[in-house]
Amino acid sequence: MAAAGGERGRTSFQRRPGAGPRPSALPGTRPSLRHGQLLLSSGLPSLDCVLGGGIAVGTLLLIEEDKYGLYSNLLFKYFLTEGIVCGHDLFVASAKEHPDNILKELPAPLLDDTYRKELGDEAAVVNSEDFQDSMKIAWRYQNLPKMETSPTTYTKFGHYYDISKKMPPELCQSVKRHSFYLHEELSFEPKMKAWNMNSGYARLLQSIQRIISQEGFDGSDPQKKQRNVLRIGIQSLGSILWGDDVCCSDTPEDPHSLTKFLYVLRGLLRKSLSACIITVPSHLVQNKAIMERVTNLSDMVVGLESFIGSERETNPLYKDYHGLVHVRQIPRLNSLICDVSDTKDLAFRLKRKLFTIEGHLESSTLLSTIKVIFSF
C-alpha cells in the first residue's frame, strides 16, 4: 500500500533527474504568446505591433515602396540594423546600390538612457492631447491599442534608432555579412539560368540557398544545430535593374519570373532559421494581376503611400503626417485568424531622428469633422 501510495504521488509531468538544462533561446527572438511561433523584430516596434508582434521566423515581409522609395528604404535599413544589434547574420541583395554602401548608411542604435533622452518630444507623439480628445469622441477607437512609438523601456526584443546618425563601423563589422550585388554576380556567369526564370533571380536564389546550407541555417538537417538567425534583405525586386520588365509593360515578355522566384524563396525560408524583407516598386507594376500573385506569394504585405507630390501634402488634416500605411496581408500562423492589431487607420511620420507608425489618423480626421458639424 505504501508503495502504491508512493506511485500515486508521482505524475508524468515530473522532470527527469538526468534531464539537462533547456536550450538557450536564439538572440533577438521570442516566441509568440498567441501561436507559439518564433518572432524577430522588424527594427521598428510600432511596425511589430501592426504585424501582430513581429516577423515570424521562416516568413517573408513584402514592402510596397512609396513613389520615391524614401520611406520604404528606411524600413529596409531598420530591418538590417536590428539584425546587427541582435547579432544575426545578414544577407543583403541589391541591383541598385552596392550592399556595402547600404550597410554604411544604417542608423545608429539607441541603447541607453543618454541616447534615449536625445529624442526629446519626438518620442512622445502618441501621448498628444489631440489623440486623447479624439479618443473620447470617436467611440469606436476607445479600445484602440497604443502603438509602441517611444523608447520608454529597454527590452531585448525591438530597439530604437536615430536616423540622424550612422551606425559605428565597428558595430556593423561585428556580425557576419553576405552581400549580393547583381552587376558583380552577372559579370562572372552572365548566362546562367535555372528554375526557368531570368538569370538575376536564379543567381540570387542560388546564393541564398548556398548560405542557408553552408552556414548552418537549414532546419531540415538534424545534424546541424542552429544557434543564430539569418536576416535576408532584397532591395527593389522586380525593377528593371533586376532584368525584369514587369514594371515596363502591361504585357511583359517574362511575366512569371518574379512569382517563380518568390515561390522558391518561400520554400527555402520555411525550412530554415531565416526571415526576409523585400521591397517592390508596386506602383510601377502595370499588370495588376502580377501584383496580386506577388501578394499571395508573400506572408506579410505592407504598403507605404507618401504624401509627397499629392494633394494630401497641403491638406491641413494630414499636416502632422508624411504618408499612410496600408496593411495588405497578415499571415495566419497556427490559427484560423490573423493575429493583427485592431488599428486599421495607420499613418507614419518622420521627424529629425525618429520614424513612427501611428494609429489615430482617422480619429483625428473624425474629430475635425465633428467640430465642423457642430459649428453649424
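Cut-offs used in this document
- Each chain has its residues counted from 1, running along the sequence as written.
- This being a predicted model, a pLDDT of at least 70 is required before a residue's local features are given, and a value of 80 or more before pairs of side-chain atoms are given or counted; all residues contribute to the totals for chains, interfaces and linings.
- As a rule here, side-chain values cover all heavy atoms of the structure and leave hydrogens and water aside.
- UniProt positions are given in the numbering used here, feature names are shortened, and annotations may be inferred rather than shown by experiment.
- In this description a helix means any DSSP run of H or I spanning at least four residues, a strand means any run of E spanning at least two, and both kinds are numbered starting from the N terminus.
- Each residue is placed in one exposure class: buried if its accessible area under a 1.4 Å probe, protein chains only, is under 20% of its type's maximum, exposed if it is over 50%, and partly exposed if it falls in between.
- Identification of polar contacts relies on pairs of N or O atoms within 3.5 Å, with a donor-acceptor requirement for protein atoms, meaning one able to donate a hydrogen and the other able to accept it, and with residues adjacent in sequence counted only if both atoms are side-chain atoms.
- Only heavy atoms matter for contacts: two residues are in contact if any of them lie within 4.5 Å across the pair.
- Basic side-chain nitrogens of Lys or Arg form a salt bridge, by our definition, when they fall within 4 Å of a carboxyl oxygen of Asp or Glu.
- Paired strands, in this sense, are two strands between which DSSP finds at least two bridges.
- Residue count minus one, scaled by 1.5 Å, sets the expected span of a helix.

An unreviewed UniProt entry lists the protein under the name Elongator complex protein 4, with Catharus ustulatus given as the organism. Here is the UniProt Pathway (unreviewed entry) comment for the protein, exactly as written: "tRNA modification; 5-methoxycarbonylmethyl-2-thiouridine-tRNA biosynthesis." The Sequence similarities (unreviewed entry) comment attached to the protein in UniProt states, word for word, "Belongs to the ELP4 family."

Lay out the side chain of Asn228 with the relevant residues and their values.
Note on placement: Asn228 falls in the loop between α9 (199-214) and β9 (230-234). A relative accessible area of 17% means that Asn228 is categorised as buried. Of the polar contacts made by the side chain of Asn228, one reaches the backbone oxygen of Gly87; its length is 2.9 Å. In terms of polar contacts, Asn228 uses its side chain to reach the side chain of Asp89, at 3.4 Å. Ignoring anything within four residues of it in the chain, the contact list for Asn228 reads Leu26, Pro27, Gly87, His88, Asp89, Phe217 and Leu273.

Lay out the pattern of salt bridges in plain terms, naming residues and giving numbers.
One pass over the structure, following the stated rule, counts nine salt bridges. Residues Arg312 and Glu305 are paired through a salt bridge, measuring 3.0 Å at the closest nitrogen-oxygen approach. For Asp320, the salt bridge is made with Lys319, and the minimal N-O distance between the two is 3.4 Å. Residue Lys319 is classed as exposed on the basis of its relative accessible area of 60%.

Account for the pairing of strand β12 (residues 323-329), with residues named and values stated.
The pairing of strand β11 (residues 300-306) with β12 spans six bridges and is antiparallel. Note that in β12 the partner of Leu304 across the bridge is Val325. In terms of strand pairing, β12 meets strand β13 (residues 346-350) through three bridges, oriented antiparallel. Bridge pairing in β13 links Val325 to Leu346.

Let's hear about the environment of Leu51: which residues, and what values?
On the secondary structure map, Leu51 appears in the loop between α2 (45-50) and β3 (55-56). Overall, the relative accessible area of 4% leaves Leu51 in the buried class. The spacing of Leu51 and Val302 is 251 residues in sequence and 9.1 Å in space, taken between C-alpha atoms.

Quick one: what's the story with helix α3 (residues 70-86), residue by residue and with numbers?
With 17 residues, α3 should cover 24 Å at 1.5 Å per step; its first-to-last C-alpha distance of 25 Å lies within 8% of that length. In terms of burial, α3 is a largely internal element, 15 of the 17 residues being buried.

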